Structure formats: structure tokens, C-alpha cells
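Each chain, written out:
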Amino acid sequence: TDRQGLQLTGGSLDAAPGAASTCTFDVTVSIPADMPGGVYLNTTEVPSATVDGASTTGKEASDDLTVVSAPKLSKAFTDDPVGSGGTVSVDFTLKYSAVASGDATDITFTDDLAPVLAGLIANLPATPVPPCGAGSSLTASAGDTLLTLAGGTLAPAETCTFSVMLSVPASAAPGEYTNTTSAVSANVAGVAATSLAASDDLSVAGLTFTKEFLNDPVIPGETTTLRFTLV
């Protein structure tokens, strides 16, 4: 079913007096790109055969498949739609499988803002804190358009989330702008591992509407001013 089963039929082994008769064959198995890292037990059914005219069975065979994968990345623009010339926050979340075979170190990915929208730039704090484990860093280069996470560390079942404030250019036209990161890379148990890129759409609105009370708090019986702003 969906090529997820293997079946051997009609096999034959010749009797070899005083020696075992053996056959060996290989099957290539494709691992899904989004498969979580972990240890997966694979066990066959009990083999059956006819020997000297009598039905007989053997013992099933088992082995562990160890899959190494970098933490899974997701991202979301949390306060859009945003008007031209405004600011918007984007959240990045790295989640590491609870059944991973070991810690993920040297976690790295990039997010290039330049192809998304001309003039879209990142505003990082002057003294940023490590975003994903001690020794990790988040930098902005190429005119603050290329975000790079480097040196991240996560243990199995751990998650890290960090936010970046972006400035939307005043010339931005209303519309949906897709932002896609690079794939995530990491070192897991001495093996170079990867996971899929993450995407989300930045929505730039043609018209924004805000409201604010200008002189609150107030006491009962007083008046206050409510300001509406359309941009």
C-alpha cells in the first residue's frame, strides 16, 4: 500500500549438506523529508516456507532505523496586516523532536528579506541575547536584509522562540509577500542533519485604521477624546 510494504514470494534455498544456504538482497528505502529524528524499530512478519513437503515457520527479523533531523522551523508574522512605512514582528520557532537520538548543535538557518520586498529591513537590538541556547547568535547583514541564526543548541523535546522587528518601506504596495527561510542545518550525533525551510506571508494593507483614547484615565462624569486615524 503506497509502496510502504515489502513482500517476498516464491523464494527457494537449496539444501547444502553440512553448510548453510543463504540469499541476500538489498532494498532502497526513501526517508520522508519531514520525518522527525528518532529511532524507529522495523520488524518483519514471521517467515514461512515448505521444507520436505511440510509447512514451517522461522523467526521474524528486526533492526532499528536511526533518523537524524535538524529541529523543525516555523515562522509567523504576528501583527500584520501592516501599513506601508510601519513595523511588523515575525516570530521564529525551532522545535526539536522528543525522540531525537541526541542534542542538536550548531543549528543554523538564514532568512533573506531582500527578495521579499525591496526596502524591508530587520531591526535587531544593540545588545541581543542568545536566541537559541548559550553561544547562539542572530545577526543582520547585507544592509540589515539577511538574518542569520548560528550556533543554536537544543536538547530533545526542547523549543526556542525568538522575534524580530521588521520595518516595512513607505513605498510598499498593498499585497501579500511570501517570506521563506533557508533549510535548517544542525549537527546531531556527529551527523550533518537538515530540516525543511519555513514560510509565511507578510500582508501589507492599503488602508489602516487605528483608535486611541487621548486623555485617559478619567473619572465618572468627565469627558475624554477618542481619536480615529485612517492611513
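Worth saying up front: this structure is predicted, and the values here are computed from it rather than measured.

**Side note on the overall build of the protein chain**
Here comes step 1: Within the protein chain, the regular secondary structure consists of 0 helices and 18 strands.
Here comes step 2: In terms of C-alpha radius of gyration, the protein chain reaches 28 Å, well past the compact-globule figure of 17 Å for 231 residues.
Here comes step 3: The burial tally for the protein chain puts 27% of its 231 residues in the buried class.
Here comes step 4: Considering only residue pairs separated by 6 or more positions, the protein chain has 63% of its internal contacts joining residues 24 or more positions apart.
Here comes step 5: Of the roughly 14800 Å² of accessible surface on the protein chain, a fraction of 54% belongs to carbon and sulfur atoms.
Here comes step 6: Here the protein chain holds 7 positive side-chain charges and 24 negative ones, and the gap between their average locations is 7 Å.

**A word on the nonpolar core**
Here comes step 1: Leu94, Val164 and Leu166 are the most contacted members of the largest nonpolar core, which has 37 residues in total.
Here comes step 2: Elements represented by at least two residues in this core include exactly β5 (72-77), β7 (87-95), β8 (104-112), β11 (146-154), β12 (159-167), β14 (184-188) and β16 (199-205).
Here comes step 3: Discounting residues that sit within four places of it in the chain, Val164 has contacts with Val88, Ser89, Val90, Phe92, Ala122, Leu124, Leu138 and Leu147.

**A closer look at the sheet that holds strand β15 (residues 191-195)**
Here comes step 1: With antiparallel pairing, 5 strands are arranged side by side in an open sheet as β10-β11-β8-β14-β15. Looking at strand neighbours, the two that pair on one side only are β10 (137-141) and β15, the edges of this open sheet. Going from strand to strand, the sheet's axes swing by 15 degrees on average, the running direction of each strand aside.
Here comes step 2: Here 5 bridges tie β10 to β11, and the two strands are oriented antiparallel to one another. Bridging across to β11, Leu138 finds its partner in Leu149.

**Comments concerning the state of the cysteines**
Here comes step 1: Applying the stated criterion across every chain yields a total of 1 disulfide.
Here comes step 2: Paired through a disulfide, Cys132 and Cys160 show a sulfur-sulfur distance of 2.2 Å. Between Cys132 and Cys160 the disulfide shows an S-S torsion of about -90 degrees. By sign, it is left-handed. Linking Cys132 in the loop between β9 (121-123) and β10 with Cys160 in strand β12, this pair joins segments that are 28 residues apart in sequence.

**Notes on the packing of aromatic side chains**
Here comes step 1: Summed over all chains, the structure comprises 3 aromatic pairs.
Here comes step 2: Seen from their ring centres, Phe92 and Phe109 are 5.6 Å apart, and the 40 degrees between their planes marks the pair as tilted. Separated by 17 residues along the polypeptide, Phe92 in strand β7 and Phe109 in strand β8 bring together distant segments of the chain.
Here comes step 3: Note on Phe109 and Phe162: the rings are 6.4 Å apart at their centroids and 20 degrees apart in plane angle, and the pair reads as stacked. In this pair, Phe109 is assigned in strand β8 and Phe162 in strand β12, connecting sequence segments 53 residues apart. Across the pair, Phe162 and Phe109 agree in class, each one buried.

**A few points about the sheet that holds β7**
Here comes step 1: Read across the sheet, 4 strands follow the order β5-β7-β12-β9 without closing on themselves; strand pairing throughout is antiparallel. A strand with exactly one partner marks an edge of an open sheet, and here the two such strands are β5 and β9. Going from strand to strand, the sheet's axes swing by 35 degrees on average, the running direction of each strand aside.
Here comes step 2: Summarising the sheet, β7 and β12 pair through 9 bridges and their orientation is antiparallel. The partner of Lys95 across the bridge, within β12, is Thr159.

Each value, and the rule that gives it
- Residues numbered from 1 in each chain as written.
- Predicted model: local features only at pLDDT ≥ 70, side-chain atom pairs only at ≥ 80, totals over all residues.
- Heavy atoms only, no water.
- Helix = DSSP H or I, 4+ residues; strand = E, 2+ residues; numbered from the N terminus.
- Rg over C-alpha atoms; globule rule 2.2 N^0.38 Å.
- Buried < 20%, exposed > 50% of the residue type's maximum accessible area, 1.4 Å probe, protein only.
- Contact = heavy atoms within 4.5 Å.
- Areas by Shrake-Rupley, 256 points an atom, 1.4 Å probe, with all protein chains shown as cover.
- Lys, Arg positive; Asp, Glu negative; His and termini not counted.
- Charge placed at Lys NZ, Arg CZ, Asp CG, Glu CD.
- Core = buried A, V, L, I, M, F, W, Y, C linked by side-chain atoms within 4.5 Å.
- Pairing = 2+ DSSP bridges.
- Axes fitted to C-alpha atoms, helices over the stretch in contact; angles between N-to-C directions.
- Disulfide = S-S within 2.5 Å.
- Phe/Tyr/Trp six-rings, centres within 6.5 Å; stacked < 30°, edge-to-face > 60°.

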